[in-house]
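Chains, contacts and geometry: an overview
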Amino acid sequence: MFDTLIDAQQLHCHLQAPELVVVDCRFDLGVPEAGRANWLEGHVPGARYADLEADLSGPPRTDRGRHPLPSAAELCRLFGRLGIDTTSQVVAYDDNHGMVAARLWWMLRYLGHRAVAVLDGGWPAWVAAGLPLERGAVPAGTAHFTGRARRKRLVTLDEVGAANALLDAREPARFRGEVEPIDPVAGHIPGARNHCWRDNLGADGRFLAPAELRARLAHALGRSADDTTVHYCGSGVSACHNVLAQVVAGWPEPRLYCGSWSEWCRDPSRQVMMGDA
């Protein structure tokens, strides 16, 4: 079972496995239709497509961020359409170092499905290895997925202020409030520390070794991470990359505040912090 990362050659070796389901999660926030177009142009053989906004986000239920978490029932229907059932080995990939793929990884684990991994290096690594491509649409799946939300892995707006270890996955300038290209208010949640999700990666765009991830996360937090650590970002997407990094590092799976900064900053009664503190 692959439950964190898988490399391109390992995935290629398992392409014919009957339990394998590959999901293409490429998405461009600036050009939302580009991900599906790129999938149609070429993808890992057999890969179905999941759109960040149309599939991996839903109506506000647990949160009111920019990419709200779908309900458990909605997620079960989505996973069935992707051909995933409780016996599936899922591999997710994108073309942005696993940022969106990690969202699908987290969602499956949130419903109790552990056999899910992110393609390390993503689509660029697959292409660079000269591995086979497939073009055109892949029919929707007809699987029946069952799962139950692990509520303890999710943090809501009223709970996040009590977190004793809160890590922000956004770029340092956004964390400090120097720039804010997306949300209406700049800054960060009081008590948060910053570990940009890109700091989980080496120069080759792949995840760092577990020991290096532990060192970087511990430096950012000022302590070792554990299952009470809460990760957030702008809208609950890149924070999943940090959740994955913490698990790859060999530490317990942490919690996710899916509403993230986009929800927190909408409420004028919530305190906003600027700078590194």
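Here we summarise the structure given alongside this text. (Residues numbered from 1 in each chain as written. Predicted model: local features only at pLDDT ≥ 70, side-chain atom pairs only at ≥ 80, totals over all residues. Heavy atoms only, no water.)

1. Side note on the sheet that holds strand 6 (residues 154-155)
- Taken together, five strands build an open sheet; the order of strands is 6-10-9-7-8 and the sheet is parallel. At either margin of the open sheet sits one strand with a lone partner, and together these are strand 6 and strand 8 (192-194).
- Relative to strand 10 (residues 255-257), strand 6 runs parallel, the two being bridged by two bridges. Within strand 10, the residue paired with Leu-154 across the bridge is Leu-256. (Pairing = 2+ DSSP bridges. Helix = DSSP H or I, 4+ residues; strand = E, 2+ residues; numbered from the N terminus.)

2. Quick look at a nonpolar patch on the surface
- Where nonpolar side chains cluster on the molecular surface, the patch consists of Val-185, Val-272 and Met-274 and spans about 210 Å² of accessible area.
- Along the polypeptide, Val-185 turns up in the loop between helix 7 (172-176) and strand 8. (Patch = residues over 30% accessible without salt bridge, like charges linked within 9 Å, V, L, I, M, F, W, Y side chains within 5 Å. Areas by Shrake-Rupley, 256 points an atom, 1.4 Å probe, with all protein chains shown as cover. Salt bridge = Lys/Arg side-chain N within 4 Å of Asp/Glu carboxyl O.)

3. Focus: the pairing of strand 5 (residues 116-119)
- Sheet topology places strand 1 (residues 5-6) next to strand 5; two bridges connect them, and they run parallel. Bridged to Leu-5 within strand 5 is Val-118.
- Here three bridges tie strand 4 (residues 89-93) to strand 5, and the two strands are oriented parallel to one another. Considered in strand 5, the bridge of Val-90 is made with Val-116.
- Between the parallel elements strand 4 and strand 5, the chain passes through helix 4 (residues 101-110) in a crossover that is right-handed. (Right-handed = clockwise from strand over helix to strand, strands pointing away.)

4. Some thoughts on the pairing of strand 2 (residues 20-24)
- The buried count for strand 2 comes to five of five residues, which makes it a mostly enclosed element.
- Bridge count between strand 2 and strand 4: five bridges; the pairing is parallel. By the bridge assignment for strand 4, Leu-20 is matched with Gln-89.
- As paired elements, strand 2 and strand 3 (residues 48-49) share two bridges and run parallel to each other. (Buried < 20%, exposed > 50% of the residue type's maximum accessible area, 1.4 Å probe, protein only.)

5. Some words on the packing of aromatic side chains
- Inspection of every chain in the model, using the stated rule, returns four aromatic pairs.
- Taking the centre distance of 5.9 Å and the plane angle of 20 degrees together, the rings of Tyr-93 and Trp-123 count as stacked. Of this pair, Tyr-93 sits in strand 4 while Trp-123 sits in helix 5 (residues 122-128), and the two are 30 residues apart along the sequence. In this pair, the class of Tyr-93 matches that of Trp-123, namely buried.
- Cation over ring: Arg-26 sits above Trp-123, and NZ or CZ is 4.3 Å from the ring centre. (Phe/Tyr/Trp six-rings, centres within 6.5 Å; stacked < 30°, edge-to-face > 60°. Lys NZ or Arg CZ within 6 Å of the ring centre and 35° of its normal.)

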